[in-house]
Amino acid sequence: MKIVFDSRQLAHAPAREMHNGDWTAFQETPARAEAILAAIGPAEPARDFGMDPLLAVHDAAYLDFLKIAHADWRAAGRMGDAIGYAWPIVGRRPVNLTRIDARLGRYGYDAVTPIAAGTWDAAYWSAQSALTALDAVAEGASGAFALCRPPGHHAGRDYCGGYCFLNSAAIVAAEAHRRGLGPVAILDVDYHHGNGTQDIFRCDSSILFVSIHADPVTDYPFYWGHADEDGEGAGRDATLNLPLPRGTSWAAYRPALNRALAAIADFGTRFLVLSFGADTYAGDPISHFALERDDFAALGRHIAAAGLPTVTVMEGGYAAAELGDNVAAFLAGLSS
Ligand code: SP5
Ligand code: ZN
């Protein structure tokens with residue numbers, strides 16, 4: 001399977017994140033990508049598809065903010081990584097503010113997503129890696145893997161969050177749809193709900209979003225991913241959320257996967273975008289499912305059995321020592 005990764009994706013390296021009321025080491029490290037690469041072999045660099053596919057999914061003012069946020073932070077006399085401390089609650093009237101702290105709140109929603117000097121470059125090339133993978137599948141490959149990092153599925157049209165800035169899965173899905181490769185479905189199997197992807201396509205009947213994730217009653221991102229969220233307006237029934245309890249192992253995961261794949265088949269899907277997170281692993285330090293190495297291979301095989309052209313983008317996964325082998329097992333299953 002073609003693997004795409006661009007070394008410019010390593011430029012994003014914040015020092016710390018907020019966790020349970022204290023600072024802790026930033027989890028979504030460049031070393032994650034290096035560990036995956038070491039296990040799955042050489043990758044080819046991204047090609048540059050420019051800003052248009054990003055603008056098809058993201059708000060232009062948000063992208064402008066992301067490009068200059070860190071420089072604005074430094075210009076305000078701050079040290080280190082840019083991070084917000086005030087967020088507008090839902091329903092607050094929109095106001096165009098210039099102060100960096102106001103803009104960090106306006107375009108983000110949490111304190112685990114600092115913006116560092118290299119964030120824009122890394123996020124840009126992460127998205128371009130995903131588009132490069134799409135190109136390979138559009139030209140006839142059965143599948144391609146984009147080692148996206150930073151990840152994307154928590155980023156919405158005009159917000160970052162959950163270590164994510166540009167929503168690579170959404171960008172690929174929108175571009176695949178635009179190229180007439182659809183109907184397009186997105187399957188998100190990261191431990192955390194893909195709230196950004198859901199929001200982007202919430203009112204869109206042309207792209208199906210299906211997610212299997214930890215119940216947001218107990219886990220981040222809390223405010224999205226509950227079972228009764230099924231899309232809005234014209235997009236009603238084009239969103240399917242399958243939350244599962246902490247402790248879920250393959251025996252309980254597999255029926256949810258079967259439901260997800262049945263919904264994808266019923267949609268008439270002809271092109272699949274897969275948001276893959278390895279943070280469902282039993283040994284993941286920030287997550288609470290119980291999948292083992294072999295289960296990742298089985299997960300890949302089950303998805304491959306759908307027989308769809310598939311672009312897989314990397315999302316989360318934080319068990320540094322096992323991450324590479326888990327991704328390799330998954331990709332081996334997916335290629336079978
Ligand atoms: C892409 C992805 O998997 N994003 C996950 C974002 C989850 N953020 C909330 C949980 C943060 C937990 N931080 C734990 C630090 C322990 N030292
Ligand atoms: Zn995750």
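The name an unreviewed UniProt entry gives the protein chain is Histone deacetylase family protein, with Sphingomonas cynarae as the organism. Its UniProt record gives the protein chain the following Cofactor (unreviewed entry) comment, quoted word for word: "Zn(2+)". Heading Sequence similarities (unreviewed entry) of the UniProt record for the protein chain holds this comment: "Belongs to the histone deacetylase family."

Turning next to the site of ligand 1. Neighbouring residues of ligand 1: 17 residues in total, closest Thr24, Pro151, Gly162, Tyr220 and Gly316. In terms of residue class, the shell around ligand 1 is built from six nonpolar, eight polar and three charged.

The omega angle of the peptide bond from Arg149 to Pro150 is 5°, so this bond is cis rather than trans. Relative to the helices and strands, Pro150 is located in the loop between strand S4 (143-146) and helix H6 (168-178). Of note, the bond from Tyr220 into Pro221 is cis; its omega dihedral lies within 30 degrees of zero at 10°. Its place among the elements puts Pro221 in the loop between strand S6 (207-214) and strand S7 (239-244). Notably, Asn20 is not glycine yet its phi reads approximately 50°, a positive angle. By secondary structure assignment, the location of Asn20 is in the loop between strand S2 (16-19) and strand S3 (22-25).

A general tendency of soluble globular proteins is for nonpolar side chains to be buried together. By size, the foremost hydrophobic cluster in this structure holds 101 residues, and its most contacted members are Ala130, Ala146, Leu147 and Val172. The element contributing the most residues to this core is helix H5 (residues 119-138), with 12 residues. Setting aside chain neighbours within four positions, we find Val172 in contact with Ala130, Leu131, Leu134, Val273, Val311 and Val313.

Another aspect to go through is helix H8 (residues 250-266). Compared with the 24 Å implied by 1.5 Å per residue over 17 residues, the 24 Å span of H8 between its first and last C-alpha is a close match. Residues of H8 that are buried include every one of Tyr253, Ala260, Leu261 and Ile264, and no others. Viewed end-on, H8 has its buried residues packed into an arc of 95°, placing them on one side of the element. Of the exposed residues in H8, those oriented more than 90 degrees away from the buried face are Ala251, Pro255, Asn258 and Asp266. Of the residues one or two after H8, Gly268 is the one with positive phi, at around 75°.

With numbering aligned to this structure, UniProt lists the feature "domain: Histone deacetylase" (unreviewed entry) at residues 45-333. In the segment residues 45-333, helix accounts for 37% and strand for 12%; the C-alpha atoms at its two ends are 24 Å apart.

On to the sheet that holds S6. With respect to topology, seven strands assemble into an open sheet ordered S1-S4-S9-S8-S5-S6-S7, the strand pairing being parallel. Each having just a single partner strand, strand S1 (2-4) and S7 make up the two edges of the open sheet. On average, each strand axis in the sheet is inclined to that of its neighbour by 15°, with strand direction left out of account. Where strand S5 (residues 184-188) lies against strand S8 (residues 271-276), five bridges are found, and the strand directions are parallel. Counted as the bridge partner of Ile186 is Val273 from S8. Set on the sheet, H5 makes contact with S1, S4 and strand S9 (310-314); between it and S4 the angle comes to about 170°.

Scoring rules and cut-offs
Residues numbered from 1 in each chain as written. Chains lettered and ligands numbered in written order. Predicted model: local features only at pLDDT ≥ 70, side-chain atom pairs only at ≥ 80, totals over all residues. UniProt positions renumbered as here; feature names shortened; annotations may be inferred. Near = placed C-beta within 6 Å. Nonpolar A, V, L, I, M, F, W, Y, C, P; charged D, E, K, R; others polar. Helix = DSSP H or I, 4+ residues; strand = E, 2+ residues; numbered from the N terminus. Core = buried A, V, L, I, M, F, W, Y, C linked by C-beta atoms within 7 Å. Buried ≥ 20, exposed ≤ 12 C-beta atoms within 10 Å, placed from the backbone. Contact = placed C-beta atoms within 7 Å. Expected span 1.5 Å × (residues − 1). Arc of directions from axis to C-beta. Pairing = 2+ DSSP bridges. Axes fitted to C-alpha atoms, helices over the stretch in contact; angles between N-to-C directions.

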